[in-house]
Amino acid sequence: MIVNADSAQLYRDLPILSAAPYVDDLNRAEHRLYGIRDGADPCSAADWAALARAEIESLHTEGLLPILVGGTGLYLRTLLDGIAPVPPIDPAIRKQVRRAPVGDNLVRLRHLDPEAAARLNPGDTTRIARALEVVLSTGVPLARWQERREGGIRDRIDLRPLILLPPRDWLYARCDARFAAMMDAGAVEEVRALLGRGIDPNLPIMRAIGVREIASFLDGGLTRDECIAAGQQATRRYAKRQYTWFAHQPPKDWTRWTQIADPFGLSLSKPCPFFDAQSKGSPSTGSGRTET
């Protein structure tokens, strides 16, 4: 039984651009937590962890084996190790911080939490805002809160992790081919519909890879070829960050698979969007085990 651990694939708005499961994938096995959320309704790591815990417990009760699939490291870490018990942020403080330019927030953070300011990328709008709003609202740096984590399931499951780290040239070539195929398969129409809703541009769905590039193509800022090149570059950059994170952050005893990971010889020429299929596959069974 496949359980989604990808932050973009949670949302139903961009099934093509987020590379949601193909119809063939859905026919091979049941998939859960895919396309369950509207893009206007943001899902935090804590929200996803609660959803995933419920699915895992349900599947274990049924005697089925949950297989978590996805590359959002923060989601997986939150599920396994728990989350810092940060009190609710003062709404006025959050509004003030989220409206301020990242440069202004970074200056304030250097005074209030210099360790966080030194650790974070100067252009990381989201993490800088989060660190600043926490220290302003609670008087305690985020790192101190993170030393006390609650709600993790690592000690309650038999975890069988597998990290896929295929050759980088093969991975980047697939990134390029996939984005070009997405453009031909309806990704432009997806982004046009998303932009037409006029939702908050700071929401996670609006920061999905490809949205900014396709939006620029739609408003005439980029040609189609320039859009594809920019989307491919953004995808490769993200893949590089993901690769580095999974190569070094998880425990050393987690298995790393470094060979080409394409057992079915899947073609990227015709991406198929996710849909709520009713067909069920034949999931593996187990007892109290969870795989990632």
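See above for the structure.
Since the model is a prediction, treat every value here as computed from it, not as a measurement.

**Q** I keep staring at the packing of aromatic side chains and nothing clicks. Help me out?
**A** The geometry of an aromatic ring pair comes down to the distance between the two centres and the angle between the two planes. The final tally for this structure, using the stated rule, is two aromatic pairs. The interplanar angle of 20 degrees and the centroid separation of 5.1 Å between the aromatic rings of W48 and Y75 together place this pair among those described as stacked. Here Y75 lies in helix α3 (residues 73-81) and W48 lies in helix α2 (residues 45-61), a separation of 27 residues in the sequence. Taken as a pair, W48 and Y75 share a single burial class, namely buried. Between the aromatic rings of W245 and F246, the centroid separation amounts to 4.9 Å while the plane-to-plane angle is 75 degrees, which identifies the pairing as edge-to-face. Here F246 falls in the buried class, since its relative accessible area comes to 12%. Of note, R168 hangs over the ring of Y243, and the distance from its end group to the ring centre comes to 4.1 Å.

**Q** What should I look at first to understand the packing of helix α10 (residues 187-196) against helix α11 (residues 211-218) in this one?
**A** For any two helices packed against each other, one specifies the crossing angle of their axes together with the interaxial distance. It is the contact of α10 with α11, at a shortest axis distance of 9 Å, that shows an interaxial angle of 85 degrees. The angle between the axes of α10 and α11 places the two elements in the roughly perpendicular class. Along its contact with α10, which presents A187, V188, V191, R192, L194 and L195, the element α11 presents V211, I214, A215, F217 and L218. Counted by class, the contact of α10 with α11 contains 10 nonpolar, no polar and one charged residues.

**Q** Which parts of the structure should I look at to understand unusual backbone geometry?
**A** Negative phi values dominate among residues other than glycine, just as trans dominates among peptide bonds. Located in the positive-phi region is A19, a residue other than glycine, with phi close to 55 degrees. Tracing the chain through its elements places A19 in the loop between β1 (2-4) and α1 (23-28).

**Q** Got a minute to help me understand helix α5 (residues 102-112) in this structure?
**A** Since the α-helix turns once every 3.6 residues, residues separated by three or four places project in the same direction. For α5, the full list of buried residues reads N105, L106 and L109. The arc that holds every buried residue of α5, seen down its axis, measures 100 degrees, which confines them to one face. Residues of α5 that are buried make contact with α4 (91-99), α6 (114-119) and α7 (125-138).

**Q** What's the story with the side chain of D13 in this structure? I'm lost.
**A** Its place among the elements puts D13 in the loop between β1 and α1. A distance of 2.6 Å separates a polar side-chain atom of D13 from the backbone nitrogen of G39. At 2.7 Å, the side chain of D13 and the side chain of R197 are in polar contact. Once you skip the residues sitting within four places of it in the chain, D13 turns out to touch R37, D38, G39, E190, L194, R197 and I205.

Here is what the cut-offs are and how they apply
Residues numbered from 1 in each chain as written. Predicted model: local features only at pLDDT ≥ 70, side-chain atom pairs only at ≥ 80, totals over all residues. Heavy atoms only, no water. Phe/Tyr/Trp six-rings, centres within 6.5 Å; stacked < 30°, edge-to-face > 60°. Helix = DSSP H or I, 4+ residues; strand = E, 2+ residues; numbered from the N terminus. Buried < 20%, exposed > 50% of the residue type's maximum accessible area, 1.4 Å probe, protein only. Lys NZ or Arg CZ within 6 Å of the ring centre and 35° of its normal. Axes fitted to C-alpha atoms, helices over the stretch in contact; angles between N-to-C directions. Parallel < 35°, antiparallel > 145°, perpendicular 65-115°, else oblique. Contact = heavy atoms within 4.5 Å. Nonpolar A, V, L, I, M, F, W, Y, C, P; charged D, E, K, R; others polar. Arc of directions from axis to C-beta. Polar contact = N/O pair within 3.5 Å; in protein donor to acceptor, adjacent residues only side chain to side chain.

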